[in-house]
Amino acid sequence: MCIRDSFKTNVNGVTFMPSPHSNVNQHHLQYFKFVGRIVAKALMDNHQLDAYFTRSFYKHILGQPLTYHDMEDIDPSYYKNLKWILENDVSPLELNFSYEDNTFDQHVIIDLIPNGRNILVTEENKQDYVREICYAKMAKDIKAQIEAFLDGFHELIPAHLIAIFDSKELELMISGLPDIDLQDLKDNTEYHNYSRDSAQVKWFWEVIETFDQQSKAAFLQFVTGTSKVPLEGFKALRGIGGVQRFSIHKAYDSNRLPTAHTCFNQLDLPEYPTKEVLMEKLVLSINEGREGFHGFR
């Protein structure tokens, strides 16, 4: 087992997080401590690494709270299920405060809270359920691995020095600013209820072309969830269904900000009346989209 085997990829196969089953190797925590030192050393020496982590793992490095929205970066389908639970009546589902883990063909039920398998999820406690299941999958199940990584990382960079950044800034610091070929992105963009000749689409590309390298990277993070550019170019951009090209969908409420669906590499762009309004709204949306609401302990 190598260091890479101690990590698992998200559903899209693009970003990494510690594997909860890395303990099949008795030395796995030493590996994580070593990786923590390597990442910190690279940051100190301004050397970029060809490694991209999940949003939740960056937040662990920064000591920042997680939100259930961070699950979207790991497993978009599971995130959609959690979102549905929060927005709908859960009574017919007969959920309880436990979850199943299948490791090496062994089926195990794990309680989220004491006696959780015997406590039903209701309208009154469903927010607690979402909080507990996300905390388990993004933090509790990999607590030892995270702590070992941070032990190594903090040997070189104290926690208070790194805590001033946000998760997207940290990604760019670790992996560097991407070389974004806008023409390649244009050539591999799909349009829904717009065309490449629509005024809003033309304005959109004109606005993006005015961005500096860091702003382009922030835009890419906003619409895809990461600043990583596929080696084969944007024709190989991956989403929840495998290869999924960037797409721009028409949204009809021009009072709203543009929104992104990172699991689909999709931008919902309202039909703004002018290029100036489009620029203002897009920049605001990219900046506001850097963090979600804080909902974890």
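Residues numbered from 1 in each chain as written. Predicted model: local features only at pLDDT ≥ 70, side-chain atom pairs only at ≥ 80, totals over all residues. Heavy atoms only, no water.

Engineer: I'd love a proper account of the overall build of the protein chain, names of residues and values included.
Structural biologist: Scanning the protein chain from N- to C-terminus turns up 12 helices and 10 strands. Principal-axis analysis of the C-alpha atoms places the extent of the protein chain at approximately 55 × 55 × 35 Å. Every one of the 297 residues in the protein chain was classed for burial, and the buried ones make up 46%. Contacts spanning at least 24 positions in sequence make up 65% of the contacts within the protein chain whose residues lie at least 6 apart. Total accessible area on the protein chain is roughly 15000 Å²; 49% of this is exposed by carbon and sulfur atoms. Taken together, the 30 basic and 42 acidic charged side chains of the protein chain have centroids lying 2 Å from each other. (Helix = DSSP H or I, 4+ residues; strand = E, 2+ residues; numbered from the N terminus. Buried < 20%, exposed > 50% of the residue type's maximum accessible area, 1.4 Å probe, protein only. Contact = heavy atoms within 4.5 Å. Areas by Shrake-Rupley, 256 points an atom, 1.4 Å probe, with all protein chains shown as cover. Lys, Arg positive; Asp, Glu negative; His and termini not counted. Charge placed at Lys NZ, Arg CZ, Asp CG, Glu CD.)

Engineer: Tell me about the pairing of strand β10 (residues 266–270), and name the residues and values.
Structural biologist: Judged by how many residues are buried, β10 sits mostly within the fold: five of five residues are covered. Taking every second residue as pointing to the same face, both faces of β10 are buried, with Gln 266, Asp 268 and Pro 270 on one and Leu 267 and Leu 269 on the other. Pairing geometry for strand β9 (residues 259–261) and β10, over three bridges, is antiparallel. Paired with His 261 across the two strands is Gln 266, which belongs to β10. The hairpin formed by β9 and β10 contains four residues between the paired strands, and Asn 265 there has a positive phi angle of roughly 55°. (Pairing = 2+ DSSP bridges.)

Engineer: An account of the packing of helix α10 (residues 199–210) against helix α12 (residues 275–288) is requested, with residue identities and associated values reported.
Structural biologist: Where α10 contacts α12, the two axes come as close as 9 Å, and the packing angle between them is 55°. When the axis of α10 is compared with that of α12, the two are oblique. In the crossing of α10 with α12, the sense of the turn from one axis to the other is right-handed. Taking contact as the criterion, the partners of Gln 200, Trp 203, Phe 204, Glu 206, Val 207, Ile 208 and Thr 210 in α10 are, on α12, Lys 275, Leu 278, Met 279 and Leu 282. (Axes fitted to C-alpha atoms, helices over the stretch in contact; angles between N-to-C directions. Parallel < 35°, antiparallel > 145°, perpendicular 65-115°, else oblique. Left-handed = near helix turned anticlockwise from the far one by under 90°.)

Engineer: Which residues make up helix α2 (residues 55–62), and what values do they have?
Structural biologist: Here α2 lies mainly inside the structure; eight of its eight residues are buried. Of the residues making up α2, those classed as buried are Arg 55, Ser 56, Phe 57, Tyr 58, Lys 59, His 60, Ile 61 and Leu 62. Count one or two residues on from α2 and you reach Gly 63, which has phi positive near 70°.

Engineer: Outline the packing of α2 against helix α6 (residues 143–154), listing residues and values.
Structural biologist: Contact geometry of α2 with α6 gives a least axis separation of 10 Å together with a crossing angle of 50°. What the angle tells us is that α2 and α6 run oblique. When the axes of α2 and α6 are compared, the crossing they make is right-handed. In this structure, α2 contributes Phe 57, His 60 and Ile 61 to the contact, and α6 contributes Ile 146, Phe 149, Leu 150, Phe 153 and His 154. Across the contact of α2 with α6, the residue classes break down as six nonpolar, two polar and no charged. (Nonpolar A, V, L, I, M, F, W, Y, C, P; charged D, E, K, R; others polar.)

Engineer: Which residues make up the environment of Leu 120, and what values do they have?
Structural biologist: Along the chain, the position of Leu 120 falls in the loop between β4 (106–111) and α5 (126–138). Its relative accessible area of 52% is what places Leu 120 among the exposed residues. Distance from Leu 120 to Asn 265, taken between C-alpha atoms, is 36 Å for residues 145 residues apart in sequence. Not counting chain neighbours up to four residues away, the residues in contact with Leu 120 comprise Glu 94, Leu 95, Asn 96, Phe 97 and Asn 125.

Engineer: Please give an account of the side chain of Ser 19 that cites residues and values.
Structural biologist: Inspection of the secondary structure assignment puts Ser 19 in the loop between β2 (16–18) and α1 (28–44). Among residues more than four places away in sequence, those in contact with Ser 19 are Ser 6, Phe 7, Lys 8, Phe 32, Ile 142 and Gln 145.

Engineer: Give a description of the pattern of salt bridges that names residues and reports values.
Structural biologist: In total, this model carries 14 salt bridges according to the counting rule given. Across the pair Glu 171 and Arg 55 runs a salt bridge, and its minimum N-O distance is 3.9 Å. Residue Glu 171 is found in helix α8 (residues 167–175), and its partner Arg 55 is found in helix α2; the two are separated by 116 residues along the sequence. For Glu 171, a relative accessible area of 0% translates into the label buried. With a shortest N-O distance of 3.1 Å, Lys 275 and Glu 206 are connected by a salt bridge. Of the two residues, Lys 275 is situated in helix α12 and Glu 206 in helix α10; the sequence distance between them amounts to 69 residues. Assessed through its relative accessible area of 28%, Lys 275 is described here as partly exposed. Overlapping salt bridges, with partners in common, bring together Lys 33, Arg 37 and Glu 155 in one network. (Salt bridge = Lys/Arg side-chain N within 4 Å of Asp/Glu carboxyl O.)

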